[in-house]
Amino acid sequence: MDERLRVEAEDEGVRVDDEDGYVSEEDKDYVASDEESEDDSYIGVDGAEWYWTSEIPVGGGTMNEIETVDEESDQDESDLHTPVESDDEIVHRRKFPTFKVPENDEAVRLDIGMQFASKELVMDAIRDHAMETKTNLWFYKNDAIRVVVKCQTNCPYHMLVVKRSASQYWQITSLTKDHECVRSAGNKQAKTKWLAKKFIPLIRHTPHIKPNGLVDEAFLRWNVKLNHFQAYRAKKRALELIEGASSEQYAHLRSYAEELRRSNPNSTIIIKCGTSEIGPVFERIYICLEACKAAFAHTCRPLIGLNACFLKGEHGGQLIAAVSKDGNNQMILIAYAVVESETRDSWKWFVELLLEDLNQLIPRLLLEDTCASHG
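Residues numbered from 1 in each chain as written. Predicted model: local features only at pLDDT ≥ 70, side-chain atom pairs only at ≥ 80, totals over all residues. Heavy atoms only, no water.

What to know about the confidence of the model for the protein
1) Next: Scored by pLDDT, the protein comes out at a mean of 77, with 71% of its residues at no less than 70.
2) Next: Low confidence marks residues 35-83, where pLDDT is under 50. Its contacts with residues over four positions away, or in another chain, come to 73 contacts.
3) Next: Of the regions scoring below 50 in pLDDT, residues 363-375 engages in 25 contacts with residues more than four places distant in sequence or in other chains. (pLDDT = per-residue confidence, 0-100. Contact = heavy atoms within 4.5 Å.)

This is how it looks when you write it as structure tokens:
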């Protein structure tokens, strides 16, 4: 103890104990019991009582957290001794950053303590980071509770992501960002599925791009040299993802027909479906809008032209249309249909519906695609 404090205490008539601090004259014969000796609390000089706990914060790691309770507080005595695990106790916990999916081609940033909502998000973030930084990262361990990421041999880069047992989120607990490896033209994270997702905007804009064009694009963006078959598989997978979205639209055909009838009263929309084990399967659809019918009946020449063309895509089919010409010699659409193929049956089905819509008017029919099978 400081000599000055000792002298001041002795002047006030207080006995000084070098180990226990100040002891008043009234308490000089007091002997602490075993329970009080084991108490972890400590009475500070300022009158505040300190409770020491070793609770681990939510974000991971270990931390000694300190809570103070003022003896002069207006709280009830029962509130002062509420257990630490109670909801009434206020514990200051460290907050860690949460990973968010980058937008507008922003770079992926990984830091120590970062939290992820799921393991899939962890894997995607690591793949994006490896390709963007042009480093050949790979998964050294990948199981239900941890993910260990390393770089090439003799490279100090190391990352450990673990799943917190108390909750379902994942967190980076160890990260060494230093690289001493040599850059290469290959990358273990350049998988077909990952490449297909990144190539979707490009292939949607230019669906006829060649695999060699994708090879050049990958080298410019990620410094990765793909072979012809890798680029071909990535393009095929990207087309499946794009056209897969269009396949789901068939489930909304009936809603589309109802909307056409609502916005164009007296229009004719007919959907023909086949039967299968999984339910109805789309075959044909016929559409004739009321405005088109009225325009042909009152302003167009008594002449109808019929033709069909192929539909390119995953599902194929034929597009059949009936057109005429108005007073300005401009072509006007009367009705159209999508059928499975251009056959006698499909043409008969289309023409019968067209004649019903035109109130049994029988104009001169001119087939643009002259074929004996059409009759």
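With respect to the sheet that holds strand 6 (residues 115-116)
The pairing of strands in a sheet happens through backbone hydrogen bonds and is either parallel or antiparallel.
1) Next: Pairing within the open sheet is antiparallel, and its five strands lie in the order 6-10-9-8-7. The sheet is open, and its two borders are formed by strand 6 and strand 7 (138-142), each paired with just one other strand. (Pairing = 2+ DSSP bridges. Helix = DSSP H or I, 4+ residues; strand = E, 2+ residues; numbered from the N terminus.)

A short note on the packing of aromatic side chains
1) Next: One pass over the full model with this rule turns up eight aromatic pairs.
2) Next: Judged by centre distance (5.9 Å) and plane angle (50 degrees), the ring pair of Phe-199 and Trp-222 falls under tilted. Here the residue Phe-199 occupies a position in helix 5 (residues 192-205), and Trp-222 occupies one in helix 6 (residues 211-222), the gap between them amounting to 23 residues.
3) Next: When its relative accessible area of 6% is taken as the criterion, Trp-222 is described as buried. (Phe/Tyr/Trp six-rings, centres within 6.5 Å; stacked < 30°, edge-to-face > 60°. Buried < 20%, exposed > 50% of the residue type's maximum accessible area, 1.4 Å probe, protein only.)

Digging into the environment of His-298
1) Next: Along the chain, the position of His-298 falls in helix 9 (residues 290-299).
2) Next: The class of His-298 is exposed, set by a relative accessible area of 69%.
3) Next: Sequence spacing of His-298 and Asp-326 is 28 residues, and the spatial spacing of their C-alpha atoms is 9.4 Å.
4) Next: Separated by 2.9 Å, the side chain of His-298 and the backbone oxygen of Ala-294 make a polar contact. (Polar contact = N/O pair within 3.5 Å; in protein donor to acceptor, adjacent residues only side chain to side chain.)

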